[in-house]
Amino acid sequence: MGRYVANRIALALPVLLGISIIVFLMLKLVPGDPATVLLGPQAEPRDIEMLRRAWGLDQPIYRQYFTWLGHVLRGDLGLSLEQRIPVATLVLTRFKNTAILTFASVLISCAIGLTAGVISATRPYSVFDRLTMVLALFGNSMPAFWLGLVLILTFSLGLGWFPVSGMQSVRGEGGFLDLLRHLILPAITLGGATTAIVARLTRSSMLEVIRQDYVRTARAKGLYERRVVVGHALRNALLPVVTVVGLQVGFLLGGAVLTETVFSWPGVGLQVFRAISTRDVPLIQGSVLLIAVSFVFINLLVDVLYAYFDPRIRYS
Amino acid sequence: MADGSDARTSNGLSRRELLRYGVLGTGAALTAPLWSSLALAGPAPVAPAVQPKKGGTMVIAWEADPGVLVPGLSTGGATVRALVLMYDSLVHEDYTKPATQVDTPPLIPGLAERWNISSDGLTYTFNLRRGVKFHDGTEVDAEAIKFNFDRAMDERHPHFDATLRSINTSLVGYHVIRETRVVDKYTFQMILREPFPSMLRNLATRTTGIVSPAAMRRMGNDRFALNPVGSGPFKFVEQERGVKAVLERNPDYWGGAPLLDRVVIRPVIEASSRVAALLAGEVDLMVVIPPDSVYQLRFNRGITVAFAGPPHIWFWMLNNRATQTRDKRVRQAMNLAVNREGLAKDIMRNTATIAKGPFPPGNPGYERSNVAGYTYDPARARRLLAEAGFPNGFEMRAFYPASGTGMMVPTPMNEYIQANLRDVGIRVNFEVMEFGAFIARARLGLDDQTAALQTSWSSSDPFWLETMFHSDLHPPRGNVRTWYKNPEVDRLLDQARRELNDQRRLQLYRQAEKIIFDDAPWIFVVHDRSPIAYRAKVQNFVAPPSWSFDLKNVWLR
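Here is a short report on the structure shown in this document. Note that this is a predicted model, so its numbers are computed, not measured.

Residues and elements named next belong to chain B. Spatially, β4-β5-β7-β6 is the arrangement adopted by the four strands of the open sheet, whose pairing is antiparallel. The two strands at the open ends of the sheet, each matched to only one other strand, are β4 (112–117) and β6 (177–184). With direction set aside, neighbouring strand axes in the sheet form an average angle of 20°. Each of β5 (123–128), β6 and β7 (187–192) is contacted by helix α5 (residues 142–153), which is oriented at about 160° to β6, the strand it contacts most.

Turning to unusual backbone geometry, a few remarks are in order. Unlike most non-glycine residues, R84(A) shows phi in positive territory, near 60°. Turning to its location among the elements, R84(A) is positioned in the loop between α4 (61–73) and α5 (87–122). Despite not being glycine, V288(B) has its phi angle at roughly 55°, a positive value. Secondary-structure assignment places V288(B) in the loop between β11 (285–287) and α10 (291–298).

What follows is about the packing of α5(A) against helix α6 (residues 127–141) of chain A. For any two helices packed against each other, the geometry comes down to the angle between their axes and how far apart the axes lie. Residues and elements named next belong to chain A. Running from N to C, α5 and α6 point in directions that differ by 140°, and their axes come no closer than 8 Å. Judged by the inter-axis angle, α5 sits oblique to α6. Here α5 runs over α6; the crossing is left-handed. Of the residues in α6, those touching α5 at A116, I119 and S120 are F128, D129, T132 and M133.

Moving on to the packing of aromatic side chains. Note on aromatic pairs: each is described by the distance of the centres and the angle between the planes. All names here are of chain B. What the rule picks out here adds up to 25 aromatic pairs over all chains. Between the aromatic rings of F196 and F463, the centroid separation amounts to 5.4 Å while the plane-to-plane angle is 85°, which identifies the pairing as edge-to-face. Placement of F196 in the loop between β7 and α7 (199–203) and of F463 in the loop between β17 (452–458) and α16 (464–469) is noted, with a sequence separation of 267 residues between them. A residue is classified by how much of its surface remains accessible, and F196, at 9% relative accessible area, is buried.

For the rest of this paragraph, the subject is the packing of helix α17 (residues 487–498) of chain B against helix α18 (residues 502–519) of chain B. All names here are of chain B. At a minimum axis distance of 9 Å, the contact between α17 and α18 shows a crossing angle of 165°. Classified by the angle their axes make, α17 and α18 are roughly antiparallel. Considering how the two elements wind past one another, α17 and α18 form a crossing that is left-handed. Contacts from E488, V489, L492, L493, Q495, A496 and R497 in α17 reach R505, L508, Y509, Q511, A512, I515 and I516 in α18. When the residues that make up the contact of α17 with α18 are grouped by side-chain class, the tally is nine nonpolar, two polar and three charged.

About the thresholds
- Residues numbered from 1 in each chain as written.
- Chains lettered and ligands numbered in written order.
- Predicted model: local features only at pLDDT ≥ 70, side-chain atom pairs only at ≥ 80, totals over all residues.
- Heavy atoms only, no water.
- Pairing = 2+ DSSP bridges.
- Helix = DSSP H or I, 4+ residues; strand = E, 2+ residues; numbered from the N terminus.
- Axes fitted to C-alpha atoms, helices over the stretch in contact; angles between N-to-C directions.
- Contact = heavy atoms within 4.5 Å.
- Parallel < 35°, antiparallel > 145°, perpendicular 65-115°, else oblique.
- Left-handed = near helix turned anticlockwise from the far one by under 90°.
- Phe/Tyr/Trp six-rings, centres within 6.5 Å; stacked < 30°, edge-to-face > 60°.
- Buried < 20%, exposed > 50% of the residue type's maximum accessible area, 1.4 Å probe, protein only.
- Nonpolar A, V, L, I, M, F, W, Y, C, P; charged D, E, K, R; others polar.

It is worth stressing that arrangement in space is one thing and function is another; only the former is reported here.
So, in structure tokens, the structure goes:
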């Protein structure tokens, strides 16, 4: 197992290198550079040229890339061109915020999705099943920005239960409860689609497993139905669910831009979006690198979880 | 103007209170404009007698993160607005006069108490205010001022910053400064290479804000950016990028200490979320209101909407070389085809005023401008097109940015104009671009296949006509992306640049404006009124004709 993990990590390095090259090249292909964007449409060409030279943007592309890579290898992600803060500081703070949001949303998704999926599968074609699946379709189809605004209108402006935006109250004392109050609506918004996917996937996967011989055997042994469903059927039905949830976590870590925008959640997605608009190359590179690392790590975690859920799977 | 009442009731003070306010010593400079605005307004609004109260934290929602809070490192509106609260420049714009009262913020002394410009227009002598302290306790003297100019202009300076140089060259004209001198402890001198009448107004731009040399030497440029030190009405406390920037009252401010304890700036990027945060009371004031929310906010009793009317113009640049738009009759026809009133009312919900010519409000050229504006006349537009050889209209390409500072709501606005032009037979095909890509392409000038681009600009100095219409400034040298060329306009602009008498100079610009209006190298469309909304507890807020505002006299009920 240890060797397997070590192998996977070693394999991740060329992946990360490849990603950094592709992102770098893409940034160079897109028209506009940081100097033009920073100085705005009114700037004179003379001023833009001065800044381009000062930032080394007049150097050949390969040299710009290797300069950046050289710094990264020495553990220096550089300084954000626009924000004048070390990229590592910016990215790590933001990444922590996005991670909080992502894990809260995945927690909600799994809790609701798994329960709904299991109940639906044990009572297929019942009213509950049909209702759940319609709701799931709805949840999957709703765009995050719309759902977010509806939740704000209803629960913040209408009922006054939750704050409208941000991660902490700027007037209040802060603390864990304050964070929780700010977290609920964005987590539901972000988790909407994942909940639906988990529910539908759990249902279909359970339906398949529940017809297997060993489930019948378990029942024939006289086990309680609950034990049969949770201990025998669900554990086996979870494999595809774990795969998809793992992918979703990776995806949400980098792709929560819309939810972060609607709720002013200071996450990494929002930051990358701004960095792309301002062509802040060091910041984009740093953020993408971290998102890629987390993707690789989560995939690895999913592989390890396979072995836990299905002891037949052994890595050697 | 419909907005007059808004700004005035926003003061929420009666004459008696104002008198008391003056007596309380909050400053005659503040009282006078309020007094005269109320006098203009007729009967003063009846409000319970309230004394300005010290203290409290005001939370403001901005459209973007202000980012790095050091002057001259960003041109973004959100940053400059914050700099105005934290820093002083040699000269200031007076933001205590509302847009309903003045078209341009008057220039007033800042760190310089007095100044003198030599008769040849080359030597600027500034007499500094004595005893002014930076937030770190060190004194603002002529050496400190020189340090700030040097670090923007001299590459060998230990605290040189390339961004600062580029931004202040571009916005202020630092390249015109030949040298700066410390005459004595409180006298600072600036020698220009050539007369540049815009210099004084440009120096009021807070990208020239003066930072504490002692703090910068102690921390170095990078760490200073995390703990900026100025001398303005508010001090920097802390900043979490993308979350908040916290400022607190500078009790020793030379212009009188602000009433608020703290100001918290929160970036809330999504416009509807910003409106929701204001309605929920999470923030006390918001800027950049989406047109569709303006009525909702205006009819909410607990909220006031004021209109700032900064120097802004939103327009189409027309290609003066392209086959379709080469003839000035075509360009005039396009101007006649656009229903500006409809656009301002139906799409912008009165958050925009119609543009008559190239000058924006807040620019001295705008006041008493001698152009009448193109009125909506599709029939005449069709006739002009026919005369120009396009009886059946034509097809053309245009591009615009999907978003960006000052671009307002580009898609609905451009589509409205597209429909207007279609009515007279001009079929416009758009390319919508991301902002960075847009700037990169616009900088090259309009290519032969593209007849127009839409953009927006902001300038409070008439010199701006030169940067937009002088044929020496065709790309890549400058920003005359229309390839417009009229020798008479060039001559007038050259003459105006050298003219030191303000009145005569303005006269020359107005003559040029008239010719430009007739040549119609642009479609002059609208000006942003830049609405600002705030909750009832915010007292004494003034929306000046600028993108920025002052919070020194604001208090919370």
